[in-house]
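# Structural overview
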Amino acid sequence: MNARTHDFRCELDFEVRPDGTHTAHVERWFLGALSLFPTAMEQVLSGSGLDPAGIRGGVCGEPGSMWGFFRAEVPGARGVRSFARVITAKNQDWIVDSIRKGALVVEAGFSLLDRYGMPGERLCRITAERLEDTDWFSLSLQVSSEIFLSDQVAYLDFVRSVAEVCDPSFGTISYAYSLGKTALESRLGPPWRPPQESVPASRSYLRGYDWLTICASELGEKLGGLSALRAGGAFHSAERLGAGGFWLLATPRHEEYEEDAARKVWRSLAPCLRPGVPKRMAPLGEPPLPVIYEDAREALGS
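Let me begin by describing the structure that accompanies this report.

### Some words on the sheet that holds strand β6 (residues 136-143)
Pairing is antiparallel in the open sheet, where 10 strands are placed in the order β3-β2-β4-β5-β6-β1-β7-β8-β10-β9. Where the open sheet ends on each side, the last strands, each with one partner, are β3 (79-86) and β9 (237-240). Here the average twist between neighbouring strands, direction ignored, is 15 degrees. Judged from the eight bridges that link them, strand β1 (residues 8-15) and β6 form a sheet pairing that is antiparallel. Paired with R9 across the two strands is Q142, which belongs to β6.

### Section: the nonpolar core
It is characteristic of soluble globular proteins that their nonpolar side chains tend to be buried jointly. Judged by nonpolar contacts, the single largest core of 82 residues is most densely connected at W29, F110, L141, V159 and Y209. The element contributing the most residues to this core is helix α5 (residues 152-166), with seven residues. Not counting residues within four places of it along the chain, the set of residues in contact with V159 comprises C10, L12, W29, I173, L212, I214 and W247.

### Some thoughts on the pattern of salt bridges
Inspection of the entire model under this criterion finds 20 salt bridges. Close ionic contact of E294 with R263 constitutes a salt bridge, the shortest N to O distance being 3.0 Å. Of this pair, E294 sits in the loop between α9 (259-269) and α10 (296-299) while R263 sits in helix α9, placing them 31 residues apart in sequence. Within this structure, R9, E11, D13, E185 and R207 form a network of salt bridges that share partners.

About the cut-offs
Residue positions within a chain follow its written sequence, with the count starting from 1. Local features in this predicted model are restricted to residues whose pLDDT is 70 or higher, and side-chain atom pairs enter the listing and the counts only when it is 80 or higher, whereas totals over whole chains, interfaces and linings include all residues. Excluding hydrogens and water, the side-chain figures rest on all heavy atoms present in the structure. We call two strands paired when DSSP finds no fewer than two bridges between them. Runs of E in the DSSP output that reach at least two residues are strands. Runs of H or I that reach at least four are helices, and both are numbered from the N terminus. Each axis is a line fitted through C-alpha atoms, taken for helices only over the stretch in contact, and angles between the N-to-C directions span 0 to 180 degrees. Put simply, a nonpolar core is a bunch of buried Ala, Val, Leu, Ile, Met, Phe, Trp, Tyr and Cys residues held in one set by side-chain atoms that sit within 4.5 Å of each other. Only protein chains enter the calculation, and the probe is 1.4 Å; a residue is then buried if its accessible area is under 20% of its type maximum, exposed if over 50%, and partly exposed in between. Should any heavy atoms of two residues lie within 4.5 Å, those residues are counted as being in contact. Between Lys or Arg on one side and Asp or Glu on the other, a salt bridge is scored when a side-chain nitrogen of the former is within 4 Å of a carboxyl oxygen of the latter.

This is the structure we're talking about:
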């Protein structure tokens, strides 16, 4: 399978804040991600209107038309309840209100309807999720390769706009791997750590390394700070983020992030990676894995 057929994933992780300020970052991510798809939103809002019945299954609309949905998981007196609604201007207000009231999960997505009027080709999936039994949020945007590769700068700018203000513990732009894991997490184990374990530890261990890697302030300082990260020559751009953390972009474009570039990034970030040798496994249909199959600690003699 050609690498260009795989989805890309943008991600930021950070803690829930006692004063509730994290909800502003969730809202900024959610609305910022939606703004990357103005044509899809315009088609949904200016068309004949999506049939609310379609959210429960069955035919959603005319074949070839745009389909969109919102979903929220909201805590209440009777436990957590899940609500799904088609995208309308009114429901956009509803999803923002759900974020501000502390929704545990919010999602949105656009798809083209297939010849049967069912959701087919997916343009994107936007998610903000409070990981189960943790005090951490993981924000993600999954988008088709064709859309991402046509305007990579827009996605970098989007992630940067939220990363500058949220003091992230980790962030990435990479291929979309299963279960929300990074490429490294999909190969390093046992134990195989799901995001519910790896995200809360992301100020102690770097979850992975990719074309764009955002590492926590604590880890960036452990690596020698900005001057050391720049001096190593592994990054096209290495910068300190406004509220905390380090922005590390390996190459100007994703197409240039090949094995040599990945090895330079791996070596630069090795002191903050979990020890262990990644396992060589190749399930069918998986995206390319920019993983160095060596123990970084041993390779550096540490």
